[in-house]
Amino acid sequence: MHKYAFPVSKARKYLEPGPVLLLSSQYQDQHDIMTLGWHTVLEFSPSLVGCMIAGMNHSHELIRNSGQCVLNIPSASLINEVVAVGNSHGDSIDKFEAFGLTPEPAQVVGAPMIAECFASFECQLYDDSMVARYNLFIFEIVKAHVAGEPEYPATLHYTGEGRFSVMGDKMLDKSGDFKPEMLI
């Protein structure tokens, strides 16, 4: 297979780890939604997720003050809302109202869940030691909510430059080839 030189600044096209999220946050009477593509699972128990949230983002300030958020996973059908949320600033508009998204009360944290998303993970800030240097928040998922169907919804994966790939239509099940102790 022939490979060609590729700009390292565009490596995300091949390395993005998971689905695009709509992160919701709240502090006192202010709430926000942001589109988030830079996140990764860090640990299974406790369930830890690392999220890169730029300091210029309104959600960054709300999370620093509240120590909480909800990671909501939209299906591919919400592509227009995902892009619109990502192109706007929460300190100047109410993104729930502006983009027709429905806030739902979470059970553990103060930030709202998004009703239109098929999964919502309530999170508490677990470690903020890398926020000042890298904008890396480490959250613990303290409550999970997932729709029963479809089991594998079509999700959006950002590849940079305004392009998304969609995953979920075809599932390759190789679980029978793994040792049981490796299927965590």
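Residues numbered from 1 in each chain as written. Predicted model: local features only at pLDDT ≥ 70, side-chain atom pairs only at ≥ 80, totals over all residues. Heavy atoms only, no water.

As a reminder of what qualifies: UniProt positions are given in the numbering used here, feature names are shortened, and annotations may be inferred rather than shown by experiment.
An unreviewed UniProt entry annotates the protein as Flavin reductase family protein originating from Candidatus Pantoea gossypiicola. Quoted straight from UniProt, the Cofactor (unreviewed entry) entry for the protein says "FMN". Its UniProt record gives the protein a comment under Sequence similarities (unreviewed entry), which states: "Belongs to the flavoredoxin family."

**Some thoughts on the overall build of the protein**
Short version of the rule: Each helix corresponds to a stretch of at least 4 residues labelled H or I by DSSP, and each strand to a stretch of at least 2 residues labelled E; elements are numbered beginning at the N terminus. Computation of the radius of gyration draws on C-alpha atoms, with the globule rule given as 2.2 Å multiplied by the number of residues to the power 0.38. For every residue, the accessible area (1.4 Å probe, protein chains only) is compared with the maximum for its type, and the residue is labelled buried under 20%, exposed over 50%, or partly exposed between those bounds. In this description, contact between two residues means that some pair of their heavy atoms is separated by no more than 4.5 Å. Accessible surface is estimated by sampling points in the Shrake-Rupley manner with a 1.4 Å probe; for residues, cover comes only from the protein chains shown. In summary, the charge assignment counts Lys and Arg as positive and Asp and Glu as negative, without counting His or the chain termini. Positions of charges follow a simple convention, taking NZ of Lys, CZ of Arg, CG of Asp or CD of Glu.
When you go through the protein residue by residue, the secondary structure sums to 5 helices and 11 strands. A compact globule built from 184 residues would reach a C-alpha radius of gyration of about 16 Å, and the protein, at 17 Å, matches this within 12%. Taken across its 184 residues, the protein has 38% of its residues classed as buried. Taking all contacts inside the protein whose residues are at least 6 apart in sequence as the whole, residues at least 24 apart take part in 58%. Accessible surface, the protein: about 11300 Å² in total, of which carbon and sulfur atoms supply 54%. Of the side-chain charges in the protein, 12 are positive and 22 negative, and the distance between the mean point of each set is 14 Å.

**Remarks on the environment of phenylalanine 44**
Locating phenylalanine 44 in the fold gives a position in the loop between β3 (39–43) and β4 (48–52). Residue phenylalanine 44 is classed as exposed on the basis of its relative accessible area, which comes to 55%. Separated by 97 residues in sequence, phenylalanine 44 and isoleucine 141 place their C-alpha atoms 9.9 Å apart.

**So, the sheet that holds β4**
Test applied: Being paired, for any two strands, means DSSP has found at least two bridges between them. Comment: axis = line fitted to C-alpha atoms, over the contacting stretch for helices; angle = value between 0 and 180 degrees taken between N-to-C directions.
Pairing within the open sheet is antiparallel, and its 7 strands lie in the order β2-β1-β5-β8-β9-β4-β3. Bordering the open sheet on either side are β2 (30–36) and β3, each of which pairs with just one other strand. Within this sheet the neighbouring strands show an average axis-to-axis angle of 35 degrees, counted without direction. Note that β3 and β4 share 4 bridges and pair antiparallel.

**Describing unusual backbone geometry**
Of note, the amide linkage connecting serine 45 to proline 46 takes the cis form, showing an omega dihedral of 0 degrees. Its location among the elements puts proline 46 in the loop between β3 and β4. In this structure, glutamine 28 takes a positive phi of about 55 degrees despite not being glycine. Along the chain, glutamine 28 turns up in the loop between β1 (21–27) and β2. Of note, glutamate 161 is a non-glycine position whose phi angle comes to about 55 degrees, a positive value. Of note, glutamate 161 is situated in the loop between β10 (155–160) and β11 (163–167).

**Digging into helix α2 (residues 58–66)**
Condition: Here a polar contact is recorded for every N or O atom pair within 3.5 Å, except that within protein the pair must consist of a potential hydrogen donor and a potential acceptor, and residues adjacent in sequence are included only if both atoms are side-chain atoms.
For α2, every residue scored as buried is listed here: His58, Ser59, His60, Leu62 and Ile63. The inward-facing, buried residues of α2 contact β1, β2, β5 (68–73), α5 (131–134) and β9 (136–146). Here α2 starts with a cap whose side-chain oxygen sits 2.9 Å from the backbone nitrogen of serine 59, and that cap is asparagine 57. Remark: glycine 67 follows α2 within two positions and exhibits a positive phi of approximately 75 degrees.

**Some thoughts on the state of the cysteines**
Cysteine pairs can be covalently joined through their sulfur atoms, and such a bond is termed a disulfide. The cut-off we apply is this: The definition used for a disulfide is geometric: two cysteine sulfur atoms within 2.5 Å.
Counted by the stated rule, this structure contains 0 disulfides. No disulfide involves cysteine 51; its nearest neighbouring cysteine sulfur is the one of cysteine 69, lying 6.1 Å away.

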